[in-house]
Amino acid sequence: GNSVTQMEGPVTLSEEAFLTINCTYTATGYPSLFWYVQYPGEGLQLLLKATKADDKGSNKGFEATYRKETTSFHLEKGSVQVSDSAVYFCALSVASGTYKYIFGTGTRLKVLA
Amino acid sequence: DGGITQSPKYLFRKEGQNVTLSCEQNLNHDAMYWYRQDPGQGLRLIYYSQIVNDFQKGDIAEGYSVSREKKESFPLTVTSAQKNPTAFYLCASTTSGGDNEQFFGPGTRLTVL
């Protein structure tokens, strides 16, 4: 079946450190891939997306590349800030009669000043 | 501004009572979704609707009911049959087509006393 696997958190980093959050997926066909961010007590916000192999999504210094050969969509940021502290969700959408979205379990990031 | 609203933000109910969570969107999106979020479990799909007057069960529909009488509205009723209803509930919407991201509301936190 279709699934998304994220690295377990929490991830704790110092300000200005490099961030990687791993995400791998299993899907039939050609899914679209997404990263969402959730701040405490709020809904999810789209961070970036990629719709085909080798596409790179980017936003607010975050990047992720759709790697079909490794079925991965790892999230990276060169220099994190305290304000990046949140929970990050990797997700995919697949056409299965109707479109469904499948989310990973989320990775909590804590950035220390 | 276009977006999704959910009300109320916090909701308390006694065991044995039904309660309805509101979700309204003015994005002119065709599809709407309800998710349940529990700590460490990511998002689980309760119900979704692709068009007015039609909806489908998700992965955890037991104990929940929905209606889609208007394009803008997709209320969720948590019935007394739901054995563990305390959770954070998120509503989302999207245009047709799996390339498109979901837009999320701010969520409703339901606590059963």
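Description of the structure in this document. The structure displayed is predicted, hence computed values, not measured ones.

**Some remarks on the interface of chain B and chain A**
Move 1: Taken together, the 24 residues of chain B in the interface contact 20 residues of chain A.
Move 2: In total, chain B and chain A occlude about 1700 Å² of area from one another, counting both sides; carbon and sulfur atoms represent 53% of this.
Move 3: Our enumeration of links across chain B and chain A arrives at one salt bridge.
Move 4: Among the salt bridges present, the one from Lys49 of chain A reaches Glu101 of chain B, with a minimum N-O distance of 3.0 Å.
Move 5: The tally of links from chain B across to chain A stands at six residue pairs in polar contact (both at pLDDT 80 or more).

**Description of the state of the cysteines**
Move 1: Here the structure, examined in full by the defined rule, presents two disulfides over all chains.
Move 2: One disulfide bridge connects Cys23 of chain A with Cys90 of chain A, the sulfur atoms lying 1.9 Å from each other. In this structure the cystine formed by Cys23 of chain A and Cys90 of chain A twists about its S-S bond by roughly -70°; its chirality is therefore left-handed. Of this pair, Cys23 of chain A sits in strand β4 (residues 23-26) while Cys90 of chain A sits in strand β10 (residues 86-96), placing them 67 residues apart in sequence. Considered together, Cys23 of chain A and Cys90 of chain A belong to a single accessibility category, that of buried residues.
Move 3: Between the sulfur atoms of Cys23 of chain B and its disulfide mate Cys91 of chain B the distance is 1.9 Å. Disulfide Cys23 of chain B-Cys91 of chain B: torsion about the S-S bond near -75°, hence left-handed. Here Cys91 of chain B lies in strand β9 (residues 87-94) and Cys23 of chain B lies in strand β3 (residues 19-25), a separation of 68 residues in the sequence. Taken as a pair, Cys23 of chain B and Cys91 of chain B share a single burial class, namely buried.

**Topic: a nonpolar patch on the surface**
Residue and element names in this part refer to chain B.
Move 1: On the surface, Tyr10, Phe12 and Leu113 cluster together into a nonpolar patch covering about 400 Å² of accessible area.
Move 2: Secondary-structure assignment places Phe12 in strand β2 (residues 10-13).
Move 3: Classification of Phe12 by relative accessible area gives exposed; the value is 54%.

**What about the sheet that holds strand β7 (residues 64-66) of chain B?**
All names here are of chain B.
Move 1: Spatial ordering of the open sheet is given by β1-β3-β8-β7, a layout of four strands whose pairing is antiparallel. The two strands at the open ends of the sheet, each matched to only one other strand, are β1 (4-7) and β7. Adjacent strand axes in the sheet meet at a mean angle of 20° when their direction is disregarded.

**As for unusual backbone geometry**
Most peptide bonds take the trans configuration, and most residues that are not glycine carry a negative phi.
Move 1: Of note, the amide linkage connecting Gly9 of chain A to Pro10 of chain A takes the cis form, showing an omega dihedral of 0°.
Move 2: Position of Pro10 of chain A relative to the elements: it lies in the loop between β1 (3-6) and β2 (11-14).
Move 3: Backbone torsion omega between Ser7 of chain B and Pro8 of chain B reads -10°, so that peptide bond is classified as cis.
Move 4: Structurally, Pro8 of chain B can be placed in the loop between β1 and β2.

**Observations concerning the pairing of strand β12 (residues 107-112) of chain A**
Residues and elements named next belong to chain A.
Move 1: A one-sided burial pattern is seen for β12, the buried positions being Thr107, Leu109 and Val111 and the unburied ones Arg108, Lys110 and Leu112.
Move 2: Pairing geometry for β2 and β12, over four bridges, is parallel. In the sheet register, Val11 faces β12, and the bridge partner there is Leu109.

**With respect to the sheet that holds strand β9 (residues 75-77) of chain A**
By way of backbone hydrogen bonds, the strands of a sheet pair with one another, either parallel or antiparallel.
All names here are of chain A.
Move 1: Pairing is antiparallel in the open sheet, where four strands are placed in the order β3-β9-β8-β7. On the outer flanks of this sheet lie β3 (19-21) and β7 (56-59), each paired with one strand and no other. Neighbour-to-neighbour, the strand axes of this sheet turn through a mean angle of 15°, independent of strand direction.

**Re the packing of aromatic side chains**
Move 1: For the structure shown, the criterion picks out 14 aromatic pairs over all chains.
Move 2: With a centroid separation of 6.1 Å and 15° between ring planes, the pair formed by Tyr33 of chain B and Tyr48 of chain B is classed as stacked. Taken together, the residues Tyr33 of chain B in strand β4 (residues 31-37) and Tyr48 of chain B in strand β5 (residues 43-51) connect sequence positions 15 residues apart. Assigned by exposure class, Tyr33 of chain B and Tyr48 of chain B land together as buried.
Move 3: One aromatic cluster is present, formed by Phe34, Tyr36, Tyr101 and Phe103 of chain A together with Tyr33, Tyr35, Tyr48 and Phe104 of chain B through successive ring pairs.
Move 4: Note that Arg68 of chain B overlies the ring of Phe74 of chain B, its terminal NZ or CZ placed 6.0 Å from the centroid.

Rules used in this analysis
Position labels on residues start from 1 in each chain and follow its written sequence. To read the labels, note that chains go from A and ligands from 1, taken in the order they are written. Per-residue local features are limited, in this predicted model, to residues with pLDDT of at least 70; the limit for side-chain atom pairs, both in listing and counting, is 80 or more; totals at the level of whole chains, interfaces and linings are taken over all residues. The side-chain values count all of the structure's non-hydrogen atoms but skip hydrogen atoms and water molecules. When checking whether two residues touch, look at their non-hydrogen atoms; a contact exists if any pair is within 4.5 Å. Accessible area that two parts lose when put together, with a 1.4 Å probe and added across both, is what the buried area reports. Each reported salt bridge corresponds to a side-chain nitrogen of Lys or Arg within 4 Å of a carboxyl oxygen of Asp or Glu. Polar contacts, as used here, are pairs of N or O atoms within 3.5 Å; protein pairs need one atom able to donate a hydrogen and one able to accept it. Residues neighboring in sequence count only if both atoms are side-chain atoms. Two cysteine sulfur atoms make up a disulfide if the distance between them is within 2.5 Å. Helix and strand assignments follow DSSP, with helices taken as H or I runs no shorter than four residues and strands as E runs no shorter than two, numbered in order from the N terminus. The rule is simple: take the accessible area with a 1.4 Å probe, protein chains only, and divide by the maximum for that residue type; under 20% is buried, over 50% is exposed, in between is partly exposed. Like charges within 9 Å and nonpolar side chains (Val, Leu, Ile, Met, Phe, Trp, Tyr) within 5 Å are joined into patches, using only residues over 30% in relative accessible area that form no salt bridge. All accessible areas in this document rest on Shrake-Rupley with a 1.4 Å probe, and a residue is counted as covered only by the protein chains that are shown. Pairing between strands is defined by DSSP: at least two bridges between them are needed. Here, axes are lines fitted to C-alpha atoms. For helices the fit covers the stretch in contact, and angles between N-to-C directions go from 0 to 180 degrees. A pair of Phe, Tyr and Trp rings is counted when the ring centres sit within 6.5 Å of each other, with Trp represented by its six-membered ring. The angle between the planes then sorts it: under 30 degrees is stacked, over 60 is edge-to-face, the rest tilted. Placement of a positive charge over a ring is assigned whenever Lys NZ or Arg CZ falls within 6 Å of the ring centre and within 35 degrees of the normal to the ring plane.

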